[in-house]
Amino acid sequence: MAAKRQKIHFESVEELLGAPITKDVTEEIQISQIRPFKDHPFKVIDDSRMEDLVKSIAVNGVLTPVMLRPSADGGYEMVSGHRRMHAAKLAGLKTIPAVVKEMDDDTAVVAMVDSNVQREEILPSERAFAFKMKFDVLKRQGKRNDLSSGTEFPMSDEEDDIYEDELSSGTEFPKSDTNTKEALRARTVVGKEAGISGRQVQKYICLTELIPDLLDLVDAKKIGLNTAVDIAHFDRELQNWIYEYYSETGFLRPVQIEALKNTENVENISHTVMTQIMRDALPENKPSRKVSLSEKKLDKYFPPHFSAKEREMVILGLLEKWQQENEQ
């Protein structure tokens, strides 16, 4: 039998230099001492996935520690792990394994977003507000860098090209942000770390300007992302009217929102005018040419033993005769 090989330990740079190595220490924290992260955008829903998580925790406990930071009141603030904590409560746990880290507000926001935004089941509204929170932090840090260093916020050549391209193409996001270099840099960083483009990040950020009812429709996949972004640029009164239209008709077409976008002084139109614009934007319905004859109607003209195929042949024969007579 071959001898079991001994594992070889390769020293890290920190070990070679004799620097202290800090490792995350897990400790059991009373759930009653933990409060949710302020304004965190991720919804904790009691759905089938939550039921599965509760069952798993009831059997195996919480396998992945949550991340906390100390709060000023002596308790803790949740940074990452709201769903796990909720499931632990439902499973009857009083404590939860946690890693406690000292973090300032900006660091905590970034950590909270990064630990949640890659979830597969994340909703568009959750992604939107998460991106907005991280974007605000990065843009704010960029401005602070400008003030402290006395130099312009640094941008890579690629980012500078994108910035110039956005300005020349007329791309604008009038409500959520202006096209400053700090804003572009923040969008680019958020997008790169999320695996999407900076412009896609800005589309999500624009969703935060939607009224809640319309945002719910986006989450329910009743309104597409691009259409929702267009609606987000309208004022809240017009958005409410759009939602009323959807509630009454059960649909909302991109061509209708495009028609509103192309309306001059759209912010000054009335509810009645908006409804008319929405109606006029729809393509005209062509009258149906489909003919349907019920079996009950045909029984009046055919013997009971005639099959469907025989009935069809008789009808087509009569139609051909009628056509010939009308062509003479």
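Everything below is about the structure printed above this text.
These numbers were taken from a predicted model, which means no experiment stands behind them.

Definitions and limits used
Residues numbered from 1 in each chain as written. Predicted model: local features only at pLDDT ≥ 70, side-chain atom pairs only at ≥ 80, totals over all residues. Heavy atoms only, no water. Helix = DSSP H or I, 4+ residues; strand = E, 2+ residues; numbered from the N terminus. Contact = heavy atoms within 4.5 Å. Areas by Shrake-Rupley, 256 points an atom, 1.4 Å probe, with all protein chains shown as cover. Phe/Tyr/Trp six-rings, centres within 6.5 Å; stacked < 30°, edge-to-face > 60°. Expected span 1.5 Å × (residues − 1). Buried < 20%, exposed > 50% of the residue type's maximum accessible area, 1.4 Å probe, protein only. Polar contact = N/O pair within 3.5 Å; in protein donor to acceptor, adjacent residues only side chain to side chain. Pairing = 2+ DSSP bridges. Axes fitted to C-alpha atoms, helices over the stretch in contact; angles between N-to-C directions. Left-handed = near helix turned anticlockwise from the far one by under 90°. Nonpolar A, V, L, I, M, F, W, Y, C, P; charged D, E, K, R; others polar. Salt bridge = Lys/Arg side-chain N within 4 Å of Asp/Glu carboxyl O. Core = buried A, V, L, I, M, F, W, Y, C linked by side-chain atoms within 4.5 Å.

Trainee: Can you walk me through the overall build of the protein in this structure?
Mentor: The helix and strand inventory of the protein stands at 15 helices and five strands. Long-range contacts, defined here as pairs at least 24 residues apart, represent 68% of the contacts in the protein between residues at least 6 apart. Carbon and sulfur atoms make up 51% of the accessible area of the protein, which amounts to about 21500 Å² in all.

Trainee: Can you help me understand the packing of aromatic side chains in this one?
Mentor: The geometry of an aromatic ring pair is captured by two quantities: the separation of the ring centres and the angle between the planes. A complete count under the given rule lists three aromatic pairs for this structure. Where Phe-302 meets Phe-306, the ring centres are 5.9 Å apart and the plane angle is 35 degrees; that geometry is what we call tilted.

Trainee: Can you walk me through helix 4 (residues 105-116) in this structure?
Mentor: An α-helix turns once every 3.6 residues. As a result, residues three or four positions apart point the same way. A rise of 1.5 Å per residue sets the reference length of helix 4, with its twelve residues, at 16 Å; its end C-alpha atoms lie 17 Å apart and thus fit the reference within 8%. All buried positions along helix 4 are accounted for by Asp-106, Ala-108, Val-109, Val-110, Ala-111, Met-112, Val-113 and Asn-116. N-capping of helix 4 is provided by Asp-104, with a side-chain oxygen placed 3.3 Å from the backbone N of Asp-106.

Trainee: Looking at this structure, I do not really get the side chain of Ser-125. What am I missing?
Mentor: Mapping Ser-125 onto the fold places it in helix 5 (residues 124-149). If we ignore the near neighbours within four places in the chain, the residues touching Ser-125 are Lys-43, Leu-215 and Asp-219.

Trainee: When you look at helix 7 (residues 181-194) in this model, what are you seeing that I'm missing?
Mentor: Relative to the 20 Å expected for 14 residues at 1.5 Å per residue, helix 7 spans 20 Å between its end C-alpha atoms, a close match to the ideal helical length. Of all the 14 residues making up helix 7, ten are buried; the element is thus mostly covered by neighbouring parts of the structure. Those residues of helix 7 not exposed but buried are Lys-181, Glu-182, Ala-183, Leu-184, Ala-186, Arg-187, Thr-188, Val-190, Gly-191 and Ala-194. Backbone geometry just after helix 7 places Gly-195 at a positive phi near 80 degrees.

Trainee: Explain the sheet that holds strand 5 (residues 95-100) here, please?
Mentor: Whether parallel or antiparallel, the strands of a sheet pair through hydrogen bonds between backbone atoms. The mixed open sheet is built from five strands, whose spatial order is 1-5-3-4-2. Edge positions in the sheet fall to strand 1 (26-30) and strand 2 (34-35), since each of these pairs with one other strand and no more. Direction of pairing for strand 3 (residues 66-70) relative to strand 5: parallel, over a ladder of three bridges. If you follow Met-67 over to strand 5, its bridge partner there is Val-99. Along the sheet, helix 3 (residues 82-90) contacts strand 2, strand 3, strand 4 (76-80) and strand 5; its crossing angle with strand 4, the most-contacted strand, is approximately 120 degrees. Helix-sheet contacts for helix 4 involve strand 3 and strand 4, and the interaxial angle to strand 4 is about 45 degrees.

Trainee: When you look at the packing of helix 2 (residues 48-60) against helix 3 in this model, what are you seeing that I'm missing?
Mentor: Running from N to C, helix 2 and helix 3 point in directions that differ by 65 degrees, and their axes come no closer than 8 Å. Considering only the axes of helix 2 and helix 3, their crossing is right-handed. For the pair formed by helix 2 and helix 3, the contact residues are Arg-49, Met-50, Leu-53, Val-54 and Ile-57 on the first element and Arg-83, Arg-84, His-86, Ala-87, Ala-88 and Leu-90 on the second. Its residues assigned to classes, the contact of helix 2 with helix 3 shows seven nonpolar, one polar and three charged.

Trainee: Looking at this structure, how should I read the pattern of salt bridges?
Mentor: Oppositely charged side chains can form a pair if their charged atoms are brought close together. Taken as a whole, this structure holds twelve salt bridges when the rule is applied. Arg-140 is paired through a salt bridge with Asp-106; the nearest N and O atoms lie 2.6 Å apart. Taken together, the positions of Arg-140 in helix 5 and Asp-106 in helix 4 put the pair 34 residues apart, joining distant regions of the chain. Relative accessible area serves as the criterion here: at 37%, Arg-140 is assigned to the partly exposed category. Between Lys-261 and Asp-230 there is a salt bridge, and its shortest N-O distance comes to 3.4 Å. Taken together, the residues Lys-261 in helix 12 (residues 254-261) and Asp-230 in helix 10 (residues 225-232) connect sequence positions 31 residues apart. Lys-261 sits in the partly exposed class, given a relative accessible area of 39%. Judged by relative accessible area, Asp-230 falls into the partly exposed class, the value being 22%. Overlapping salt bridges bring together Arg-35, Arg-69, Glu-77 and Asp-105 as one network.

Trainee: Whenever I open this one, the nonpolar core confuses me. Can you help?
Mentor: Side chains of nonpolar character tend, in soluble globular proteins, to be buried together. Counting 53 residues, the largest nonpolar core has Leu-207, Leu-210, Ile-231, Ile-242, Leu-252, Leu-260 and Met-274 as the members making the most contacts within it. Considering every element that reaches this core, the biggest residue donor is helix 5, with seven residues. Counting 16 residues, the second largest nonpolar core, distinct from the first, contains Ile-29, Ile-57, Val-66 and Met-78.

In short, shape yes, function no, at least from these values alone.
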